[in-house]
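# Overview (structure and organization)
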Amino acid sequence: MTIWSAEIKELETLFTSIKDRFPELEKELEQLIKTKDANVVMLYSRRCLEVIITDLCECELKRPRKTEPLKGIIDKLHHEEKIPSHIIASMQNLNTLSTFGAHPKEFDPEQVKPVLINLDIIIKWYLKYKDFNINDKPKSEGKRFESKQPPEKSLIVLPFVNISPDPDQEYFSDGLTEEIITDLSHIHDLIVISRSSAMTFKGTKKKIGEIAKEVNVQYVLEGSVRKAGNNLRIIAQLIDGTNDSHIWAEKYSGILDDIFEIQEQVSRSIVSALKVKLSPEERRNISQRPIDNLEAYEYYLKARQEIYRFSEEGLDRALQYLRKGLEITGDNLLLYSCMGNVNFQYWNMEISLDESYIIKARNYAELIFQIKPDSHYGRLISGLLNSGTNPREAIKEFKIVLKDDPYNDDALLWLCFLNAFFVKTNQIDPLNERLIKTDPFNSIVKIIPGLSLYFQGESDRARESIKKSCQSDKNDIVVLFHYGRIQAACGLIEEALSAFDTVVEKCNLCPGILSRLYGFALRGQKQEILKVLNPDIKKWALSDFVFSLFIAECLAIVRDPYDAMEWLEHSVNLGFINYPYLNEYCVFLKSIRSEERFEKLMVRVKYEWENFEV
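Just so it is clear, the structure is predicted and the values come from calculations on it, not from any experiment. (Residues numbered from 1 in each chain as written. Predicted model: local features only at pLDDT ≥ 70, side-chain atom pairs only at ≥ 80, totals over all residues. Heavy atoms only, no water.)

## A look at the overall build of the protein chain
For the record, the criterion: The numbering of helices and of strands both runs from the N terminus, where a helix is a DSSP run of H or I of at least 4 residues and a strand a run of E of at least 2. Three labels apply to residues, based on accessible area from a 1.4 Å probe with only protein chains included: buried if under 20% of the type maximum, exposed if over 50%, partly exposed otherwise in between. Whether two residues are in contact is decided by their heavy atoms: any pair within 4.5 Å suffices. Computed with a 1.4 Å probe, the accessible areas rest on the Shrake-Rupley method; for each residue, only the protein chains presented here act as cover.
Secondary structure assignment for the protein chain yields 31 helices and six strands. By its C-alpha atoms, the protein chain is 90 × 60 × 45 Å across when sized along the principal axes. The proportion of buried residues among the 614 residues of the protein chain is 53%. The contacts of the protein chain with a sequence gap of at least 6 include a subset with a gap of at least 24, amounting to 63%. Taken as a whole, the protein chain presents about 29,400 Å² of accessible surface, with 48% of it coming from carbon and sulfur.

Here you go:
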């Protein structure tokens, strides 16, 4: 048995699948799989490549190949971005190694295996390019994809309109919207658009059908709230977004003390209208209220509204409201969890680098665990605190949260985001699919599929993924930063610099700082990078494995091996151990891979990566 027998078997499978479909390729491939002679294997691997390149020359470059060398055509296809870069890399490798087959002489038989691996990659891509199904089932002519139909039991709860005499009561209508979303999100048979995406339609003039189509749901719930003194009136109606027909409508009148009961009635009416059968646990979830006191509940709603302002003033007011709520209720897990989250956000949003906020957040998690060990409220705060400094532990914590509270939006978002840096398979994670369905307008959600592809070495596919998000919202600076970074990884430097410069103009927080660093790096301005890395920025970056990694990449680009290794080692110490990315895929680290210090670090990283499960 030859050392490349497994690779030959893979190619035998491909040969069987293309029989009588690609005669020229089939002829060369047949000779390859029959022989046991290494030199002949190399020769026919190259001939298979020639068949594919000749066809691509005619299809993509619109001219016959004639006698032009393979390298010239491959370079041309790469320059004009006709072929994904990872396929170009395989073509270049095969072309270089297989020249020994074209001109017989002594060579290392170990070279045969990588040639066959590259050939397998190229042929599989080529068959997809030719719209050929490897399972011998050609795709039908005409439309390749069916129109996108919304899931049968899917809905968006639009922000309830505040029609109270006092416009400051808007926190109440927003809170009601959020609570109904939370109730419905706990029902397994429903797909419910998350609060963050639903709130993007606040004050919109768009028609119901447009909104339903935009978020790909069948039903839309809209309503209004009038709160005057202690009197309360709520109107809600459920509409089929596919034909604009009214499914259900109801008016609720009462006093403020009835709010919990009214929320439950609205949720149950929707469930009934959609003919969803609730499990006993789902019935309990709809009835359960973590804050029973109405006044404390109002403080909680006000605090939530302030948190979503994402500003220092908003966080300050949120803390004040939460403290007032706790004065009324005493120990309360939900309020403690919100206190922990607010304190974490001061640091996370770079509002303050005062470590006392992190200490306070940790203290609230401990308070929760004292009241209820292993509470998912405490686990959520613990996960947030570990997200930058111990991502693998954070992943564990968020998994525990989702086990107890399967529809916790915060835990789901953070888990999917962190998983993107550690993904080991190109399969789409079901959690990612759910997140994309329920929170399509969230900046982080938009980049997760692209990040997952990028950290698997699929830079071209990652670029296309994030490019779509950029086209849909050119003002989203988070998406634009990551698009710029992946553009740079694909060698599109001018396009990357344009993206980074735009982010710098619009933002002086995290995306702006990182964009400035990458912009200086790509322009070769090492001293400017060092100026940006002042003590405060360093302190912030040292608390997060992602920021440490990005700084290492920038310093490696400007060929500062010592400082680049310092930051890279710190990122690894914090938990970033994606070995294939660091050792092979990341183009930014190319200049330091020959460093002895890098090689030693990779020995450790490889061991940890191989013994880690996402």
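## Here's the deal with the nonpolar core
We apply this condition: Nonpolar cores were defined as sets of buried Ala, Val, Leu, Ile, Met, Phe, Trp, Tyr and Cys residues, with membership established by side-chain atoms within 4.5 Å.
Grouped together as the largest cluster of nonpolar side chains are 95 residues, with contacts concentrated most on Leu568 and Leu582. Broken down by element, this core gets its largest block of residues, eleven residues, from helix H19 (residues 409-422). Beyond its immediate sequence surroundings of up to four residues, Leu568 is in contact with Leu549, Ala552, Leu582, Leu589, Ile592, Phe598 and Leu601.

## Regarding the packing of aromatic side chains
Keep this limit in mind: For Phe, Tyr and Trp, where Trp contributes only its six-membered ring, two rings pair if their centres lie within 6.5 Å, and the inter-plane angle classes them as stacked under 30 degrees, edge-to-face over 60, or tilted in between. Throughout this description, the term charge over a ring refers to an Arg CZ or Lys NZ atom that lies within 6 Å of the ring centre and within 35 degrees of the ring normal.
With the rule as written, the count across this model stands at 32 aromatic pairs. Pairing Phe545 with Phe576 gives two aromatic rings, centres 6.0 Å apart and planes at 20°, and the pair type is stacked. Separated by 31 residues along the polypeptide, Phe545 in helix H28 (residues 545-557) and Phe576 in the loop between helix H29 (561-574) and helix H30 (579-585) bring together distant segments of the chain. The exposure class assigned to Phe545 is buried, which follows from its relative accessible area of 1%. With relative accessibility at 0%, the residue Phe576 sits in the buried group. Members of the aromatic cluster, connected to one another through ring pairs, are Phe344, Phe398, Trp414, Phe417, Phe421, Phe422, Tyr454, Phe455, Phe545, Phe576, Tyr581 and Phe612. The aromatic ring of Phe172 is capped on one face by Lys227, whose charged end is 5.5 Å from the ring centroid.

## Side note on helix H20 (residues 430-438)
Note the cut-off: The arc refers to the directions leading from the helix axis to the C-beta atoms.
Asn432, Leu435 and Thr438 are the residues of H20 that are buried. One face of H20 carries all of its buried residues, which in axial projection span an arc of 140°. On its buried face, H20 is in contact with strand E3 (191-192), helix H9 (195-198), H19 and helix H21 (443-454).

## Some details on unusual backbone geometry
Positive phi, close to 55°, is recorded for Lys275, a residue that is not glycine. Secondary-structure assignment places Lys275 in the loop between helix H11 (259-273) and helix H12 (280-287). Here Lys275 falls in the exposed class, since its relative accessible area comes to 70%. With phi around 65°, Asp374 is a residue other than glycine that occupies positive phi space.

## Focus on the packing of H21 against helix H23 (residues 477-489)
The condition that has to hold: Each axis is a line fitted through C-alpha atoms, and for a helix only the stretch in contact is used; angles between axes span 0 to 180 degrees, taken between their N-to-C directions. Roughly parallel here means an angle under 35 degrees, roughly antiparallel means over 145, roughly perpendicular means 65 to 115, and every remaining angle is called oblique. By definition, turning the near helix anticlockwise from the far helix through less than a right angle yields a left-handed crossing, and turning it clockwise yields a right-handed one. Under this grouping Gly is polar, as are all residues other than the nonpolar Ala, Val, Leu, Ile, Met, Phe, Trp, Tyr, Cys and Pro and the charged Asp, Glu, Lys and Arg.
Contact pair H21 / H23: the axes reach a minimum separation of 9 Å and the direction vectors enclose 15°. Considering their axes alone, H21 and H23 lie roughly parallel with respect to each other. Crossing of H21 over H23 shows left-handed handedness. For the pair H21 and H23, contact is made by Ser443, Ile444, Lys446, Ile447, Gly450, Leu451 and Tyr454 and by Val478, Val479, His482, Arg485, Ile486 and Ala489, respectively. In terms of residue class, the contact of H21 with H23 is made up of eight nonpolar, three polar and two charged.

## Looking at the side chain of Glu179
You can see Glu179 is positioned in helix H8 (residues 170-185). Setting aside residues up to four positions removed in sequence, Glu179 forms contacts with Gln263, Arg289, Tyr297 and Tyr300.

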